[in-house]
Amino acid sequence: MADYIYLIPLLPLIGFLLLFATLGKLPKALVAVVGVGSVASSAILVLLTSVEFLTLREPLSNTLYTWINVGGFSPLVSFYVDGLTLTMLSVITGVGLLIHIYSSLFMLDDKDYSRFFSYMNLFVSAMLVLVLADNLLLLFVGWEGVGLCSYLLVGFWHEDSANGAAARKAFIVTRVGDTAMAIGMFLLFVHLGTLDFAPMTAAAISQWPEGSPTLTIACLLLLGGAVGKSAQLPLQIWLPDAMAGPTPVSALIHAATMVTAGVYLIARTHEIFLLSPFALNTVATVGAATLLMAAFTAITQHDIKRILAYSTISQIGYMFLALGVGAWASSIFHLMTHAFFKALLFLAAGAVIYSLHHEHNIFKMGGLRKKLPVAFWSFLIGSAALAALPFTSGFYSKDAILLAAYENAWQGPLLWAIGLLGALLTSIYSFRLVFIVFFGEVKTEPSQPAGWLMAAPLLVLCLLALVGGFIVIPVMDVFPAATGPAHDGLIAIITPAVPIIGVAIAYLIFLSHSVDISTWTNSKMGKTLNRFWFSHWAMDWFYDTFIVKPYAWMANVNRMDIVDWCYNFTADVIRLLHELTIQSQTGQLRTYAGVMVLGLATIVAIALFSGGGTAP
Amino acid sequence: MNEAVVIPMEHGLLLAAILFLIGLLGVLVRRNIILILMSLEIMLNACGLAFIVAGAHWGIADGQIMFMLILSIAAAEVSVGLGLLLQAHRRFGSLDIDQASRMRG
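Now for a description of the structure that goes with this document. (Residues numbered from 1 in each chain as written. Chains lettered and ligands numbered in written order. Predicted model: local features only at pLDDT ≥ 70, side-chain atom pairs only at ≥ 80, totals over all residues. Heavy atoms only, no water.)

### Considering the overall build of chain A
At step 1: Helix and strand counts for chain A come out as 26 helices and two strands.
At step 2: The principal-axis extent of the C-alpha atoms belonging to chain A is close to 120 × 60 × 55 Å.
At step 3: Relative to its full complement of 616 residues, chain A shows a buried share of 54%.
At step 4: Contacts spanning at least 24 positions in sequence make up 81% of the contacts within chain A whose residues lie at least 6 apart.
At step 5: Carbon together with sulfur atoms contributes 71% to the accessible area of chain A, which is approximately 26,300 Å² in total.
At step 6: A gap of 12 Å separates the mean positions of the 27 positive and 31 negative side-chain charges of chain A. (Helix = DSSP H or I, 4+ residues; strand = E, 2+ residues; numbered from the N terminus. Buried < 20%, exposed > 50% of the residue type's maximum accessible area, 1.4 Å probe, protein only. Contact = heavy atoms within 4.5 Å. Areas by Shrake-Rupley, 256 points an atom, 1.4 Å probe, with all protein chains shown as cover. Lys, Arg positive; Asp, Glu negative; His and termini not counted. Charge placed at Lys NZ, Arg CZ, Asp CG, Glu CD.)

Structural data, given as C-alpha cells:
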C-alpha cells in the first residue's frame, strides 16, 4: 500500500533537522552524505511510488491525521498522488538530487557548507509537501515553506547587504501574491465549506454557474498567488535579484522547482478555472505579456545569471499561456522539460562562474569552448532545448503550447503570434549567450575545471534535455482530453522554423559579425530602447517611484505614529494626575496624621448631621 | 446624710474631649518623637476616661474592662514605640520626626 508516502517529505526534513542541529559541527564529507542522502532516499521512494501508481493506475493517498477540528472545519494532513503530483515529485526529487550532488562540490569551499545543505533539504521537504498536499491549506504550508527557504537561500551570503536586500525583495514581493492567495482560499472556504481538492471542485461545479462573479474573483486571487510565486507580470521583479543566491540555488529554486509552483497551483485547481473563462483569459494574457517582456529584457542583459533569470520568467510565461488556453498537459510537460534544460543551463553557468572566479559578465568571457568542454556542450544542448530547436525536449513542449494557443477560441492567433515572437527572441538571446561566452577570443583564462561531481549531473541533465521530449507524463486522467490539433499545414511548419531563424540571426550578428547592428544600437532610439529593455521595461523604476518611495515617505512622515497619539494621550492624562497627587505624599508623618484627623472629623460630622435622629 | 456627690457625665466627657484634643495637638505640633509618644498616651487615656465615665453613668462594668484593655494596648504600644525611637535615633542621629521623611513621593 501507499502508506509510506509521508516519508517522501519527511526524510529531507529529518536531513534538515540533523544538519541544522549540528550546525557546523559535522565534517564536510558527512554533511554531504546527509544532505544528498536524504534527497536520494526520497527519490528512491518516489520511484517506488511511481511503480505502484503505474501498476495500479489509480491515485494513491496517505492520510496521517486530522490537523485541526473546529466548527466543521477539519483539514487533514493527507497526501495524494496522481499523475500530476507524480510528475512534479519526479522533477523535484530527480533534478533536486542532481543539483544536490553538484552542490556538494560547488559549495565545498564555503564556510557555511552545513547551513547550505540544511536549507536545501528544508526546501525540498517543503516543495514535496506543496505538491503532495490533498487540500489547499496543506499546500499553503508547503507554499510558505518554500518561500521561507527561498528567502534564506537568496540571502545565503548575508555578509553582503545587497544580498540581504535581494532576499527581502523576493520575500516581500511574493508575500503580496501570497496574501491574495490566502484571501482566495478564505473565499473558497466560505462558499464551498471545504478546502480538499476533490470535494471543493465538485462543490464549485454544482454551486456556481459558468462565469459567476464570486468564482471569477476567487480564481483571480489564486492567480495572484501564482504570479507572485512564479514571477509573472506584475510581480516578476523579484526573480532577477534572487540570482544573488548561490548558483545551485538559482538552478533548483529559481528555475526548476519553486517558481513553477504557481503553474502547479493553477493546474491543480484547473476544474475551477475552467468555470471562469475570464480568469482563464487573464492567465493567458499574463503569460503572453510576461514572456514577451522578459524575452526582450534577456536580449539586452550582460550578466550570465540574469539572462537565465529573464529566460526563466519568459518560459514560465509560456506555461501560463498554455494554462490559459487550456493546454494543461502541455503546460506541465513544458514545466518538466524546462526543469531539465534550465537546471542544466544554470549548473553549466555555475561551472563557468566557478572556473572564472565568480565572473558574471559575459563580455569578459569568450572562447571557453576548448577550455571548458563539459560546460560548453551542456550550454549548447541546454540552449538548443531552451530555443526549442527540433528534436530537443523543449521543442516538443513549446510546439505543443504554440499550436494549442493557435487553436484557442479567444484571440488564438494573436497569442500564437506573441508566443512565436517570444520563441524567436528566445533563440536569439540563448545563442547570443553561447556565441559570446564560448566562441571568439579568450578574454579570461579559466582555472580549476569542475570535478566529476559537477560534471556527472551536467551529463545526466544533458541527456534529459535532449530526450526529455519523449517522456510521456501520466496526466491523461488528471486533465480533460485536449481536442486534437486540427491546425493547417502552414502553422505547423512556421512554428518549428522560427527558432532556427533565431539561431541564424544570432549567428550573423554575434559570431560571424556579417550583420552590423552597431549603427542602429548607437542611434538615439536604439540607445533608449536598449536602456528601457535593460531595466526590464522600467518596472523596478515604476515600483520604486510609485510604491516604495511613497510608502517610505509616508512611513517617514508618520514617524510619530498617529495611532500612538490616542494611547499616549491617555497615558499623559494619567501621568498628569500622578504628578498632582504625588504632591500629597510629603513623607511628613505629622501631616499625614493631621489629614487623617481632618478626614475622620469630616466623616463623623457627616454621620452626625446627615443621620440626624437615627443615631443612638 | 451626705448625699453622694455625682459628677455629671457631661463634665467627664468634656474633660475627656479636652484631654484628647490636647494630645492630638501634641501629636500634630511636636517634632520630638518622645513627646509625640507622650501625647499619644494622653489621647489613649482620654479615651479610657470616656469609657469609665460612660460605664459609671450606665452602671455597668464594660467601661472599666475597656479601660483595662486600653492600658495593656498602651503598654504594648509604648514598648514598640520606644524600640522604634531607639532605631530612629541611631539612624537619623536625632529624634526629629520630620527628619524621617524619606518616603515622600
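### Things to note about the overall build of chain B
At step 1: Assigned secondary structure in chain B consists of three helices and zero strands.
At step 2: When its helices and strands are written in sequence order, chain B yields α-α-α.
At step 3: By the compact-globule yardstick of 13 Å for 105 residues, chain B is too spread out, its C-alpha radius of gyration being 18 Å.
At step 4: In terms of its C-alpha atoms, chain B occupies a principal-axis envelope of roughly 65 × 30 × 25 Å.
At step 5: Looking at chain B alone, contacts between residues at least 24 apart form 57% of all its contacts between residues at least 6 apart.
At step 6: Of the roughly 7,400 Å² that chain B leaves accessible, carbon and sulfur atoms contribute 71%.
At step 7: With 6 positive and 7 negative side-chain charges, chain B shows a separation of 25 Å between the mean positions of the two kinds. (Rg over C-alpha atoms; globule rule 2.2 N^0.38 Å.)

### Description of the packing of aromatic side chains
All names here are of chain A.
At step 1: The tally for this structure, following the rule as stated, stands at 27 aromatic pairs over all chains.
At step 2: Ring centres 4.4 Å apart and planes at 25 degrees place the aromatic pair Phe296 and Trp533 in the stacked group. Here Phe296, found in helix 13 (residues 277-300), pairs with Trp533, found in helix 23 (residues 524-534); they are 237 residues apart in sequence, far enough to count as distant. Across the pair, Trp533 and Phe296 agree in class, each one buried. (Phe/Tyr/Trp six-rings, centres within 6.5 Å; stacked < 30°, edge-to-face > 60°.)

### Details of the pattern of salt bridges
All names here are of chain A.
At step 1: In this structure the tally under the stated criterion is 14 salt bridges over all chains.
At step 2: Residues Asp112 and Arg115 are paired through a salt bridge, measuring 3.0 Å at the closest nitrogen-oxygen approach.
At step 3: The class of Asp112 is partly exposed, set by a relative accessible area of 21%.
At step 4: Its relative accessible area of 11% is what places Arg115 among the buried residues.
At step 5: Notably, a salt bridge pairs Arg306 with Asp241, separated by 3.8 Å at the nearest N-O pair. You can see Arg306 sitting in helix 14 (residues 304-324) and its partner Asp241 sitting in helix 9 (residues 238-241), a full 65 residues away along the chain.
At step 6: You can call Arg306 partly exposed: its relative accessible area is 22%.
At step 7: One salt-bridge network, held together by shared partners, links Lys111, Asp112, Arg115 and Glu159. (Salt bridge = Lys/Arg side-chain N within 4 Å of Asp/Glu carboxyl O.)

### Re helix 13 of chain A
At step 1: For helix 13 of chain A, spanning 24 residues, the distance from its first C-alpha to its last is 36 Å, which sits close to the expected 34 Å at 1.5 Å a residue.
At step 2: By the criterion of burial, helix 13 of chain A is predominantly enclosed, with 18 of the 24 residues buried. (Expected span 1.5 Å × (residues − 1).)

### Describing the interface of chain A and chain B
Interfaces are often sized by the amount of accessible area the parts lose when they come together.
At step 1: Counting residues at the interface gives ten residues for chain A, matched by 13 residues for chain B.
At step 2: Summed over both partners, the interface of chain A with chain B buries about 920 Å², with 59% contributed by carbon and sulfur atoms.
At step 3: Among the residues chain A hides against chain B, the three largest losses belong to Gln585, Gly587 and Arg590 of chain A. Together they make up 52% of the total.
At step 4: Our count for the chain A to chain B interface comes out at one salt bridge.
At step 5: For the salt bridge of Asp98 of chain B with Arg590 of chain A, the shortest nitrogen-to-oxygen distance reads 2.8 Å.
At step 6: For the pair chain A and chain B, the interface holds three residue pairs in polar contact (both at pLDDT 80 or more).
At step 7: Take the side of chain A that touches chain B: its biggest share by element is five residues, from helix 26 (residues 589-611) of chain A.
At step 8: A class-by-class count of the residues in the side of chain A that touches chain B yields four nonpolar, five polar and one charged. (Buried area = accessible area lost by both parts, 1.4 Å probe. Polar contact = N/O pair within 3.5 Å; in protein donor to acceptor, adjacent residues only side chain to side chain. Nonpolar A, V, L, I, M, F, W, Y, C, P; charged D, E, K, R; others polar.)

### Here we look at a nonpolar patch on the surface
Residue and element names in this part refer to chain A.
At step 1: Together, Tyr6, Leu10, Ile14, Leu18, Leu64, Tyr65, Trp67, Ile68, Val70 and Val141 make up a nonpolar patch on the protein surface, roughly 840 Å² of accessible area in all.
At step 2: When contributions to the nonpolar patch are tallied by element, the ones reaching two or more residues are helix 1 (7-21) and strand 1 (60-66).
At step 3: Looking at which element gives the most residues to the nonpolar patch, the answer is helix 1, with three residues.
At step 4: Secondary-structure assignment places Val141 in helix 5 (residues 136-154). (Patch = residues over 30% accessible without salt bridge, like charges linked within 9 Å, V, L, I, M, F, W, Y side chains within 5 Å.)

### With respect to helix 10 (residues 247-256) of chain A
One turn of an α-helix holds 3.6 residues; hence residues three or four places apart share an orientation.
All names here are of chain A.
At step 1: Of all ten residues that make up helix 10, ten are buried, and the element is covered over most of its length.
At step 2: Listing the buried residues of helix 10 in full gives Thr247, Pro248, Val249, Ser250, Ala251, Leu252, Ile253, His254, Ala255 and Ala256.
At step 3: Contacts from the buried residues of helix 10 go to helix 3 (83-106), helix 4 (113-132), helix 5, helix 9, helix 14 and helix 15 (328-355).

### Focus: the packing of helix 4 of chain A against helix 5 of chain A
Residues and elements named next belong to chain A.
At step 1: Where helix 4 meets helix 5, the closest approach of the two axes is 7 Å, and the angle between their N-to-C directions is 155 degrees. The angle between helix 4 and helix 5 places the two elements in the roughly antiparallel class. For helix 4 against helix 5, the interelement crossing comes out left-handed. Along its contact with helix 4, which presents Phe116, Tyr119, Met120, Leu122, Phe123, Ala126, Met127, Val129 and Leu130, the element helix 5 presents Leu138, Leu139, Gly142, Trp143, Gly145, Val146, Cys149, Leu152 and Leu153.
At step 2: Partitioned by chemical class, the residues of the contact of helix 4 with helix 5 number 16 nonpolar, two polar and no charged. (Axes fitted to C-alpha atoms, helices over the stretch in contact; angles between N-to-C directions. Parallel < 35°, antiparallel > 145°, perpendicular 65-115°, else oblique. Left-handed = near helix turned anticlockwise from the far one by under 90°.)

### A short note on unusual backbone geometry
Residue and element names in this part refer to chain A.
At step 1: In this structure, the amide linkage connecting Leu233 to the following residue, Pro234, adopts the cis form with an omega of 0 degrees.
At step 2: By the element assignment, Pro234 lies in the loop between helix 8 (213-229) and helix 9.
At step 3: Look at Ala231: it is not a glycine, yet its phi comes out positive at around 55 degrees.
At step 4: Residue placement: Ala231 occurs in the loop between helix 8 and helix 9.
At step 5: Judged by relative accessible area, Ala231 falls into the buried class, the value being 0%.
At step 6: At His536, a residue that is not glycine, the phi angle is positive and equals roughly 50 degrees.
At step 7: Structurally, the position occupied by His536 is in the loop between helix 23 and helix 24 (539-557).

### Things to note about the side chain of Gln236 of chain A
Residue and element names in this part refer to chain A.
At step 1: Inspection of the secondary structure assignment puts Gln236 in the loop between helix 8 and helix 9.
At step 2: Classification of Gln236 by relative accessible area gives buried; the value is 0%.
At step 3: With near-sequence residues (within four places) excluded, Gln236 lies in contact with Ala231, Met293, Ile313, His536 and Met539.

### Concerning the environment of Leu508 of chain A
All names here are of chain A.
At step 1: Within the secondary structure, Leu508 sits in helix 21 (residues 489-511).
At step 2: With relative accessibility at 35%, the residue Leu508 sits in the partly exposed group.
At step 3: Excluding anything up to four places from it in sequence, Leu508 contacts His513, Ser514 and Val515.

### Points about the packing of helix 4 of chain A against helix 10 of chain A
All names here are of chain A.
At step 1: At a closest axis distance of 12 Å, the pairing of helix 4 and helix 10 adopts a crossing angle of 5 degrees. When the interaxial angle is binned, helix 4 and helix 10 end up roughly parallel. Residues Phe116, Met120, Phe123 and Val124 of helix 4 lie in contact with helix 10, whose contacting residues are Pro248, Val249, Leu252 and Ile253.
At step 2: Partitioned by chemical class, the residues of the contact of helix 4 with helix 10 number eight nonpolar, no polar and no charged.

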